[in-house]
Amino acid sequence: SAPFLKAQPDGNRDVWVEPFPVSCLEKTCFEKSAVISGEAIPLRGIGLFEFVKLNLFTAAFYVPEDAANMSQILGDVPKRLVIHYNRNFKRTDIISAAEKNLEKNPEIDLKSIRAQLEAMYSIFEDVKEDDRYELVYQPQSGTCLYFNGLYKGTVPGADFAKAFIGIWVYEYSL
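What counts as what
- Residues numbered from 1 in each chain as written.
- Predicted model: local features only at pLDDT ≥ 70, side-chain atom pairs only at ≥ 80, totals over all residues.
- Heavy atoms only, no water.
- Helix = DSSP H or I, 4+ residues; strand = E, 2+ residues; numbered from the N terminus.
- Buried < 20%, exposed > 50% of the residue type's maximum accessible area, 1.4 Å probe, protein only.
- Contact = heavy atoms within 4.5 Å.
- Areas by Shrake-Rupley, 256 points an atom, 1.4 Å probe, with all protein chains shown as cover.
- Salt bridge = Lys/Arg side-chain N within 4 Å of Asp/Glu carboxyl O.
- Disulfide = S-S within 2.5 Å.
- Pairing = 2+ DSSP bridges.
- Expected span 1.5 Å × (residues − 1).
- Arc of directions from axis to C-beta.

## A few points about the overall build of the protein chain
- Scanning the protein chain from terminus to terminus reveals four helices and eleven strands.
- Within the protein chain, the fraction of its 174 residues that count as buried is 44%.
- The contacts in the protein chain between residues at least 6 apart in sequence include a share of 49% that link residues at least 24 apart.
- For the protein chain, the accessible surface area stands at approximately 8,900 Å², while carbon and sulfur atoms represent 52% of it.

## Thoughts on the pattern of salt bridges
- Counted under the stated rule, the structure contains five salt bridges.
- A salt bridge links Glu99 to Arg114, with the shortest nitrogen-to-oxygen separation between them at 2.9 Å. Taken together, the residues Glu99 in helix 2 (residues 91-104) and Arg114 in helix 3 (residues 110-122) connect sequence positions 15 residues apart.
- Of the charged contacts in the structure, one is a salt bridge between Glu125 and Lys152, with a shortest N-O distance of 2.5 Å. Residue Glu125 is located in the loop between helix 3 and strand 9 (132-138), and its partner Lys152 is located in strand 11 (residues 150-155); the two are separated by 27 residues in the primary sequence.
- Taking the relative accessible area as the measure of exposure, Glu125 reaches 28% and is therefore partly exposed.

## With respect to the state of the cysteines
- Counted under the stated rule, the structure contains one disulfide.
- Across the disulfide, Cys24 is cross-linked to Cys29 (sulfur-sulfur distance 1.9 Å). Looking along the S-S bond of the Cys24-Cys29 disulfide, the torsion reads about 105°, which is the right-handed sense.
- In this structure Cys29 comes out as partly exposed when scored by relative accessible area, which is 31%.

## Section: the pairing of strand 8 (residues 79-85)
- Counting buried residues along strand 8, seven of its seven residues qualify, which places the element largely inside the surrounding structure.
- Residue alternation in strand 8 divides its side chains into two sets, Lys79, Leu81, Ile83 and Tyr85 and Arg80, Val82 and His84, and both sets are buried.
- Examined bridge by bridge, strand 8 and strand 9 share six bridges and lie antiparallel to one another. In the sheet register, His84 faces strand 9, and the bridge partner there is Arg132.

## Describing unusual backbone geometry
- The residue Ser37 is not glycine, and still its phi comes out positive at about 50°.
- Located in the positive-phi region is Asn148, a residue other than glycine, with phi close to 50°.
- As for its placement among the helices and strands, Asn148 is situated in the loop between strand 10 (142-147) and strand 11.

## Quick look at helix 2
- Over its 14 residues, helix 2 runs 20 Å from end to end, which matches the ideal 20 Å to within 8%, given 1.5 Å per residue.
- Here helix 2 has its buried residues at Ile94, Ile95, Ala98, Glu99, Asn101 and Leu102. For helix 2, the angular spread of buried residues about the axis comes to 165°, placing them on one side. The outward face of helix 2, more than 90 degrees from its buried face, is lined by the exposed residues Lys100 and Glu103.
- Next to the buried residues of helix 2 lie strand 8, helix 3, strand 9 and helix 4 (158-166).

Here's what the structure looks like:
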């Protein structure tokens with residue numbers, strides 16, 4: 001089966017996703033690889049986030065195989081985080097949870113990325129069960145946000161990507 005392409009508004013086509021084969025956790029499935037800016041990026045992990053026995057979301061993380069430690073994983077390398085929501089959430093609740101998580105992380109200087117955070121928050125939407133957000137970091141352009149496969153915008157900066165994607169990856173994560 002041929003991969004499908006996610007085009008950015010400027011017509012740039014640099015995020016390819018292989019629809020098969022897939023890896024699944026419970027009933028949520030993710031592609032086993034993605035090509036970001038011409039580089040094949042494997043699926044490195046899938047996790048289910050639960051709170052008080054409520055299944056909130058399932059996430060998949062893609063990063064190059066040679067990224068072996070947290071510094072390399074959150075470094076200036078291509079990466080993709082897919083969040084599949086298992087419940088409805090208001091955008092304000094997602095933003096509030098992100099802020100609380102970022103505040104807990106002593107490695108993040110919130111003041112230095114505040115403008116980028118506000119830019120990302122401005123393109124968030126309410127989510128319903130089975131909606132997906134994708135964060136795709138490309139070193140040459142920044143962190144692209146997709147909502148159910150549709151491009152929403154790009155926020156520049158490696159420090160921003162490290163902090164924002166780190167919400168789901170750092171030891172201080174959700």
